[in-house]
Number of protein chains: 2
Amino acid sequence: MNTFVIGYHQTQFGELWNKSLFDLAQEAVHGVLKKTQLEHSQIDAIFFANMLGGVLENNLHGGSKIAEFLHVHIPVYRIESACASGGAAFQLAHTYLQSGSKKTVLVVGAEKMTDVSPEEISEALISAASGEEQESGLTFPGLYAMMARAYMDEYGYTHKHLAPVSVKNHKHAALNPNAQFHREITEQDVLNSAMIADPLHILDCSPITDGAAAVVVSNDSNVVKKNKSAHILSSHVASDTISLLNRSSLSSIKATQIAAENAFSEAKLQRKDISVSEVHDCFSIAEILAMEDLGFWKKGEGGKRISQYETMIGSGGNLVVNTSGGLKAAGHPIGATGIKQIGELYEQLTHQADNRQILHAKYGLAHNVGGSGGTAVVTILGN
Amino acid sequence: MNTFVIGYHQTQFGELWNKSLFDLAQEAVHGVLKKTQLEHSQIDAIFFANMLGGVLENNLHGGSKIAEFLHVHIPVYRIESACASGGAAFQLAHTYLQSGSKKTVLVVGAEKMTDVSPEEISEALISAASGEEQESGLTFPGLYAMMARAYMDEYGYTHKHLAPVSVKNHKHAALNPNAQFHREITEQDVLNSAMIADPLHILDCSPITDGAAAVVVSNDSNVVKKNKSAHILSSHVASDTISLLNRSSLSSIKATQIAAENAFSEAKLQRKDISVSEVHDCFSIAEILAMEDLGFWKKGEGGKRISQYETMIGSGGNLVVNTSGGLKAAGHPIGATGIKQIGELYEQLTHQADNRQILHAKYGLAHNVGGSGGTAVVTILGN
């Protein structure tokens, strides 16, 4: 059954002091319904991705809260897979449509993160790690720093090989009006910025962000033909151990490798067929590992290749990565991130990406990770 | 596509001081895998229902935590719809299998509720209500008390018409070794017990419970034929406004009515075809409203009919309700509840319910509610 993304809307990503979690969700939902010119009655179900509503503001049962503002009685499911909540919700919605009993669903992700102190948000985020990791005082910068250290040691890189990820993604975000940051930075800026968890400086880390994003997915040909559409060729979720301790390697993410193999296999595509990709750059090291684990680059060559800026807009390379600005510079409102990745590919594949538009983009890949790699989602879209 | 429940396992429900959330989930998962004699490699995906892990113990990303103890890399989805999390996870798993790409999935629900103070658990539970309801100081007993008061006023009942729900369900729980309570009670016990939120006494209220429950669902004929099975005839989720304030009636739950209509319609059955049902009796009034909203009883006659004990084991009635003891007396470990309801029907329909066994049970119905009715799930199984 052929299923398509037929519309996308996101809120501004950033520090949105005057908007609540459900203000943001509502803005994204109403925005995408308006763009697709769909009546509420044409939506068969809603998938809602959110990680921290319960922990940060005692705000659960979001399905019913969405049903309230939309005045609908359809199923609304809340999905939580830490930072992969959006990707998992999208993949589940896609599979749901394959059942044949439903035709058009809405997937919305939202997160409200800036209303609490840095200590509170750090503690809430570490809920996505193992109990032992929590108890040992680790934070997510700490976990990814260990992965970065392992990778650098194994392949002979230094932290200057990580910095180009942030430089590139800030350059892209400067072209994206919805991004949290619009300021370009240099490698030296990254290396001069405050150290968070050696070797990760603050400019190696994605920010704390408020925001929401929504897509409509449909296999109803009457609905699809009225909108610009991107074909969902495959979408796969894979899992791994929650603890880094129980992994065979710290310098790769097995869940990404498995999800990518399954996604490329189902889509019947080669890595070289992908010309635009949104990958999960929660930290600079994460984009490098992602590029290798997705099979775009050989294991160990990431540090070198990222430094050549071949995945930057305007580089002339075959594959441009994180045209939205990525998590690093577009921002990382957790539940929204996986949906924004799909939305960015949709805009690229349907030529609605304005200043960021990649020419001749035929296939796009989105890659969303939960925690330190306990969950990964890989989705391939075509135009 | 014909899909079946092929196995069930639950932990003891109760105050389980020495077991954690994932100890409980693990026990239920390993139990059902053992009973169905399935290898881990035969499970294609897992749906995990849990409401409060994040709020109570900063414990999110449970999908990866389950992948860790099972040593699997398959998708594991966490679903949260407040007290309907288990039912929603089951319904989603059922729909997932209709996609045809997966054959056998495991659905596990778990909740760990007794490690915190009564004040903390009350505050956590009210996360499933609207912001205005939270801010006004309401609790769930308070919300259901308003519904009870509206129902009693509308149809001329007093609180003694609610008490038979608890009496019946305690009697059933006394026959269920996994139930939290094994003590039979009288109507007078209910009316003499401490008042929580007028007209609801403490014995009108379901308890705080730890526990987990797991079912395996499959459409793989090779797997199905090796196990006793119950056929899933239909499963539907419906939503309503989160706020009581925005509902047209306080004395019925519209989401239940819609889910029931859809479930009976798809199953092509009449109400009279159902001989065993697990309904959502979080409070005594809730079972009465459920019986009416599901269409078993006419609107307004519930107070009278429950007092005749026609739905009690041994009454000779055509429909027996909450043979497990219901939420009231088997216990209500939130994420597990919707799965336990399915499991109880499975055991009844496959003649594994021991002392609680209903003779000649051909069709069973499970009814799971989130919050004050913002979500409802109705599932019909056949033998």
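Scroll up a little and you will see the structure.
Just so you know, these numbers come straight off a predicted model, no measurement behind them.

Caption draft 1: Quick peek at the interface of chain B and chain A. Opposite the 53 residues of chain B that make contact, chain A presents 53 residues. At the boundary of chain B with chain A, total buried surface from both sides reaches about 4100 Å², with 53% on carbon and sulfur atoms. When the buried area of chain B at its contact with chain A is split by residue, N58, H61 and H73 of chain B rank highest and sum to 19% of it. Counting across the interface, chain B meets chain A through two salt bridges. The partner of R78 of chain A in a salt bridge is E80 of chain B, and the shortest N-O contact between them spans 2.8 Å. Only α2 (53-57), α3 (62-70), β3 (76-79), α4 (85-98), α5 (118-125), β8 (230-239) and α11 (254-267) of chain B provide two or more residues apiece to the side of chain B that touches chain A. Broken down by class, the residue content of the side of chain B that touches chain A amounts to 24 nonpolar, 22 polar and seven charged.

Caption draft 2: Local environment of helix α1 (residues 21-36) of chain A. Residue and element names in this part refer to chain A. Here α1 is 16 residues long and its end C-alpha atoms lie 23 Å apart, about the 22 Å a rise of 1.5 Å per residue gives. Those residues of α1 not exposed but buried are L21, F22, L24, A25, A28, V29, G31, V32, L33 and T36. In this structure, the buried residues of α1 make contact with β1 (4-10), β2 (45-49), α2 (53-57), α3 (62-70), β4 (104-111) and β7 (211-218).

Caption draft 3: Structural view of the pattern of salt bridges. For the structure shown, the criterion picks out 32 salt bridges over all chains. Linking E344 of chain A and R356 of chain A is a salt bridge whose minimum nitrogen-to-oxygen distance equals 2.9 Å. One end of the pair, E344 of chain A, is in helix α15 (residues 334-349); the other, R356 of chain A, is in the loop between α15 and β11 (363-370), with twelve residues separating them in the sequence. In terms of burial, E344 of chain A and R356 of chain A fall into one category: buried. Across the pair K272 of chain B and D273 of chain B runs a salt bridge whose closest N-O atoms are separated by 3.8 Å. By relative accessible area, which is 69% here, K272 of chain B ends up exposed. Ionic contacts of the salt-bridge type, sharing partners, join the residues K112, D115 and D210 of chain A into one network.

What counts and how
Residues numbered from 1 in each chain as written. Chains lettered and ligands numbered in written order. Predicted model: local features only at pLDDT ≥ 70, side-chain atom pairs only at ≥ 80, totals over all residues. Heavy atoms only, no water. Contact = heavy atoms within 4.5 Å. Buried area = accessible area lost by both parts, 1.4 Å probe. Salt bridge = Lys/Arg side-chain N within 4 Å of Asp/Glu carboxyl O. Helix = DSSP H or I, 4+ residues; strand = E, 2+ residues; numbered from the N terminus. Nonpolar A, V, L, I, M, F, W, Y, C, P; charged D, E, K, R; others polar. Expected span 1.5 Å × (residues − 1). Buried < 20%, exposed > 50% of the residue type's maximum accessible area, 1.4 Å probe, protein only.

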